[in-house]
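# Per-entry structural report
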There are 2 protein chains.
Amino acid sequence: MQGTVGELGEFGLIRELTSRLPRTAAVELGPGDDAAVVSAPDGRVVASTDVLLEGRHFRRDWSTAYDVGRKSAAQNLADIAAMGATPTALLLGLVAPAELPATWVLELMDGIRDECQVAGAAVVGGDVVRGDTITVAITALGDLQGRAPVTRSGARPGDVVAVTGWLGWSAAGFTVLSRGFRSPRAFVEAHRRPEPPYHAGPAAAQLGATSMIDVSDGLVADLGHVAEASAVHIDLRAADFDVPAQMADIGQAVGVDPLTWVLSGGEDHALVATFPPDTHLPSRWRIVGEVTRPAGLSRTGTVTVDGAPWDRAGGWDHFGA
Amino acid sequence: MQGTVGELGEFGLIRELTSRLPRTAAVELGPGDDAAVVSAPDGRVVASTDVLLEGRHFRRDWSTAYDVGRKSAAQNLADIAAMGATPTALLLGLVAPAELPATWVLELMDGIRDECQVAGAAVVGGDVVRGDTITVAITALGDLQGRAPVTRSGARPGDVVAVTGWLGWSAAGFTVLSRGFRSPRAFVEAHRRPEPPYHAGPAAAQLGATSMIDVSDGLVADLGHVAEASAVHIDLRAADFDVPAQMADIGQAVGVDPLTWVLSGGEDHALVATFPPDTHLPSRWRIVGEVTRPAGLSRTGTVTVDGAPWDRAGGWDHFGA
C-alpha cells in the first residue's frame with residue numbers, strides 16, 4: 001500500500017480498512033452500512049469508550065502503528081472484562097492527518113483487529129476523518145452472558161483484594177523508554193503492548209467477585225475508586241506483591257523503588273477484584289489486601305499500604321500536570 | 001461554573017458532566033464504572049460511531065456549544081434510525097484543550113443530552129482527555145425491537161424512492177453563514193441544529209422499507225451508496241422535490257440553484273428509503289424517484305436525476321479538497 005491518507009481518500013481508506021476485518025459469530029452486520037448490528041444474547045450490552053491521542057497516550061517513535069492498535073484496543077476491551085463481560089465488538093473513530101502514510105493506519109487496524117481476536121471480539125464499524133493530531137477513539141461492546149455486572153461499588157468489609165495480570169511492567173518500560181533505552185525488552189514490550197487478562201473478568205464474576213476494576217491509572221488510584229464507590233477502606237500488603245527480580249534490577253539502575261511501579265503504574269490493565277473471604281481463588285489470582293470498614297466518615301474511600309497512606313505518584317489525571 | 005477544563009481537571013469535569021445526565025429505562029448501569037450496561041431487549045445491538053472536529057465539522061463562532069452537542073448527537077442517532085432501530089444510548093469521547101472554558105463542555109453535554117432525549121436515548125458513558133483540537137467522538141446504540149435491520153443493499157427494481165425530513169436546509173444555511181449572514185434564521189438554525197426524523201426510521205422498517213440510509217453527505221451521494229450496495233439504478237425526478245419559496249429566494253440572492261442544496265446538501269439527516277411500489281406511505285414520506293435495473297454492468301450503482309447524471313457538488317469526502 002503506497003501513498004498517504006490524503007491520497008487514498010476517506011472512502012479508499014475505509015475500503016482498505018474493512019477488507020482486513022474478519023467477522024465473528026457475534027457480528028450480524030459488519031462495517032459498510034449506517035450502523036453495525038452485533039449480537040447481544042444476554043439482552044443487555046456492556047459499552048465503554050476511550051480516546052487516545054498521539055503525544056499524550058502514545059508516541060510514534062516509541063511504538064509501531066501495530067502496537068498502538070493493540071494497546072488502544074486492549075485498553076477498551078479490558079474495561080469490558082472488568083465488568084465481568086465478554087468483549088464482542090469494537091468501533092473505531094480515527095482522526096488522521098492527510099500526510100500520514102496509509103500504511104500506518106492499516107497497521108494500526110491490524111493491531112486493533114488482532115487484539116480483538118485475542119479478546120474474542122470483532123471490529124464492526126468506525127469513522128475516519130482528517131485532522132492534525134492522530135486520535136484513536138474506541139468503543140468496545142460486550143456481553144454479560146446472564147451474569148450481573150461486577151461494578152466498583154460492591155466491595156464489602158471482610159472481602160479479600162486479589163489481582164491478576166501484570167502490574168508495574170508498563171510503568172517500568174515507560175521509565176526505561178523515557179531515559180532513552182530500548183531494553184530490557186520484556187518491560188518495553190509490556191509498555192507498548194499490554195496483555196490484559198480478558199478471560200479472568202468473566203471468570204471473576206463467576207467466582208462471585210463483589211467488585212472489580214481494570215488497573216489503568218495505577219492500582220492504588222483505581223482501588224481508590226472502588227473504595228469510594230463501595231464506601232469501604234482497603235488495605236494492601238506490600239509484601240504480598242510479586243516484584244520480579246528484573247524489575248528490581250531496573251529500579252536499582254534508575255533509582256526508583258519498583259513498588260512504585262507496581263502500586264502506582266497504570267496501563268498494564270491488570271484486573272483487581274474483591275471476593276468474599278471464603279472464595280477459592282484459582283492460582284492466577286494473587287491476594288494482596290483486604291477490605292475493611294472505614295474508621296470514620298472521613299476515611300471512607302481510602303486505600304492504604306501496610307496501614308499507611310500511599311502517596312508516591314498515584315493516579316493519572318489527564319488534565320493534571 | 002467558573003474556570004477552564006484544565007482548572008476543573010478530568011475527574012472534576014466528568015463529575016460535573018455526569019451530574020447533568022438523566023437515566024432512562026434502558027440504562028441498567030450509567031456513567032461512573034469501567035463500562036455502562038444498556039438494555040438490548042432485541043438480543044442484538046445496533047452501533048455506529050462518528051467523529052467531529054472543530055474547524056472541520058463545526059465552528060465555535062458559528063455554533064454554540066449547545067448546538068454542537070445537538071448536532072453531534074443527531075448525526076449519530078440518525079444512523080441508528082436509518083437502520084430501522086430505536087436509539088437507546090450514546091457514549092461520548094471528548095478531546096478538550098485545557099484552556100477551554102468548562103462551561104463550553106457542559107453546554108455541549110446539555111446539547112447531547114437534549115438531542116438524546118428527543119431520540120429516546122440516554123448518555124451512558126464517555127471519556128475526556130486533554131488535547132489541542134476539540135474533538136467529539138460519539139457512539140450511538142440502538143435496539144431493533146425484533147425487526148430485521150434495514151440495510152443499504154435491499155433496494156429492488158420497481159421500488160419507489162421516498163424521503164422524509166429536511167433536505168437542503170443545512171446546506172442553504174451553510175451558504176448563508178459562509179457569506180457572513182446570520183439570516184434567514186430558519187436555514188441558519190437548520191445548519192446549526194438538524195432535526196432528523198428519528199421515529200420515521202423504525203416506522204419505515206415496519207412499512208417494509210427494502211433499503212434506507214440517512215442523508216449525511218447529500219441525497220444523490222448517499223443514494224449512490226444504496227445503488228451500489230443493492231446493484232441497482234436509481235432515478236430521481238427533480239419536479240417531485242419540495243423547494244420551499246424561501247430557499248428559492250436565497251438561491252436567487254446568492255446565485256445558487258436551490259436544487260443543488262436539496263440534492264447535494266448533507267447534514268440535514270433526512271431519511272431516504274426504498275419501498276415496494278404498492279406500499280401505502282404516510283404523508284410525511286414524499287416519493288421522489290424509482291429504482292430500476294442497471295442498464296448494463298457499467299451502470300450498476302448509478303443515480304440519475306430526470307435520467308441524466310447529476311454532477312453538481314455531490315458528496316463529501318473527508319480527505320478530499
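Residues numbered from 1 in each chain as written. Chains lettered and ligands numbered in written order. Predicted model: local features only at pLDDT ≥ 70, side-chain atom pairs only at ≥ 80, totals over all residues. Heavy atoms only, no water.

Before going further, it helps to examine the interface of chain A and chain B. Counting residues at the interface gives 65 residues for chain A, matched by 65 residues for chain B. Taken together, the connections running from chain A to chain B amount to 4 salt bridges. The partner of Asp34(B) in a salt bridge is Arg152(A), with the nearest N and O atoms 3.2 Å apart. Here chain A is connected to chain B by 17 residue pairs in polar contact (both at pLDDT 80 or more). Ranked by residue count, the leading element in the side of chain A that touches chain B is strand 3 (residues 44–53) of chain A, at 9 residues. Tallied by class, residues from the side of chain A that touches chain B come to 34 nonpolar, 17 polar and 14 charged. Direction of pairing for strand 2 (residues 36–39) of chain A relative to strand 3 (residues 44–53) of chain B: antiparallel, over a ladder of 4 bridges. Bridging across to strand 3 of chain B, Val37(A) finds its partner in Val46(B). (Contact = heavy atoms within 4.5 Å. Salt bridge = Lys/Arg side-chain N within 4 Å of Asp/Glu carboxyl O. Polar contact = N/O pair within 3.5 Å; in protein donor to acceptor, adjacent residues only side chain to side chain. Helix = DSSP H or I, 4+ residues; strand = E, 2+ residues; numbered from the N terminus. Nonpolar A, V, L, I, M, F, W, Y, C, P; charged D, E, K, R; others polar. Pairing = 2+ DSSP bridges.)

Moving on, we get to the relation of the copies chain A and chain B. For the pair chain A and chain B, the best superposition has an RMSD of 0.0 Å and corresponds to a rotation of 180 degrees with a translation of 0.0 Å parallel to the axis. Expressed as an axis order, the relation between the two copies is that of a two-fold axis. It is Gly43(A) whose C-alpha, among those of chain A, lies nearest the rotation axis, at 2.5 Å. Most of the interface of chain A is mirrored in chain B, where 100% of its interface residues again form contacts. (Least-squares fit on C-alpha atoms with pLDDT ≥ 70 in both.)

Residues and elements named next belong to chain A. Relative to strand 11 (residues 286–292), strand 7 (residues 160–164) runs antiparallel, the two being bridged by 4 bridges. In the sheet register, Val 163 faces strand 11, and the bridge partner there is Arg 286. The pairing of strand 9 (residues 233–236) with strand 11 spans 4 bridges and is classified as antiparallel. What sits directly across from Asp 235, in strand 11, is Glu 290.

Let's shift gears to the side chain of His233(B). Relative to the assigned elements, His233(B) resides in strand 9 (residues 233–236). Within the structure, His233(B) has its side chain in polar contact with the side chain of Thr302(B) (distance 2.6 Å).

What follows concerns the domain arrangement of chain A. Residue and element names in this part refer to chain A. One can read the domain layout of chain A as domain 1 (8–143) and domain 2 (160–309). Listed by partner, the interface residues are 21 residues for domain 1 and 21 residues for domain 2. Both faces considered, domain 1 and domain 2 share a buried interface measuring about 1800 Å² in area, 57% of it formed by carbon and sulfur atoms. Taken as a group, Trp 62, Lys 71 and Ala 82 account for 38% of the area that domain 1 buries against domain 2, more than any other trio of residues on that side. Counting every contact that joins domain 1 to domain 2 gives 2 salt bridges. Applying the counting rule to domain 1 against domain 2 returns 6 residue pairs in polar contact (both at pLDDT 80 or more). (Domains from an automatic or database assignment. Buried area = accessible area lost by both parts, 1.4 Å probe.)

Right, let's talk about the sheet that holds strand 5 (residues 122–130) of chain A for a bit. Strands sit in the order 5(A)-4(A)-6(A)-3(A)-2(B)-1(B) across an open sheet of 6 strands; the sheet is mixed. Each of the sheet's edge strands pairs with one partner strand only, and the pair in question is strand 5 of chain A together with strand 1 (27–29) of chain B. The sheet shows a mean angle of 25 degrees between the axes of neighbouring strands, direction not considered. The sheet contact formed by strand 1 of chain B and strand 2 (residues 36–39) of chain B spans 2 bridges and is antiparallel. Looking at strand 2 of chain B, one finds that Val27(B) is bridged to Val38(B). (Axes fitted to C-alpha atoms, helices over the stretch in contact; angles between N-to-C directions.)

Turning our eyes to something else, we now look at the packing of aromatic side chains. Each aromatic ring pair is characterised by the separation of its centres together with the angle its planes make. Following the criterion strictly, the structure yields 10 aromatic pairs over all chains and no others. Aromatic side chains Phe58(B) and Trp104(B) sit 6.2 Å apart centroid to centroid with 25 degrees between the ring planes, which places their arrangement in the stacked category. Residue Phe58(B) is located in the loop between strand 3 and helix 2 (65–81), and its partner Trp104(B) is located in helix 3 (residues 102–119); the two are separated by 46 residues in the primary sequence. Of the residues examined, Trp104(B) reaches a relative accessible area of 10% and is grouped as buried. Through a chain of ring-to-ring contacts, three or more aromatic side chains come together here, namely Trp166(A), Trp169(A) and Phe187(A). Against the face of Trp104(A) rests Arg60(A), its NZ or CZ located 5.9 Å from the ring centre. (Phe/Tyr/Trp six-rings, centres within 6.5 Å; stacked < 30°, edge-to-face > 60°. Buried < 20%, exposed > 50% of the residue type's maximum accessible area, 1.4 Å probe, protein only. Lys NZ or Arg CZ within 6 Å of the ring centre and 35° of its normal.)

If you check UniProt for "binding site: substrate" (unreviewed entry), the listed places come out as His57(A), Glu267(A) and Trp316(A) in our numbering. Its place among the elements puts His57(A) in the loop between strand 3 and helix 2 (65–81). (UniProt positions renumbered as here; feature names shortened; annotations may be inferred.)

Residue and element names in this part refer to chain B. Most of strand 3 sits inside the fold, with 10 of its 10 residues counted as buried. Pairing analysis gives 8 bridges linking strand 3 to strand 6 (residues 135–143), with the strands arranged antiparallel. Its bridge partner lying in strand 6, Leu 53 is registered against Thr 135.

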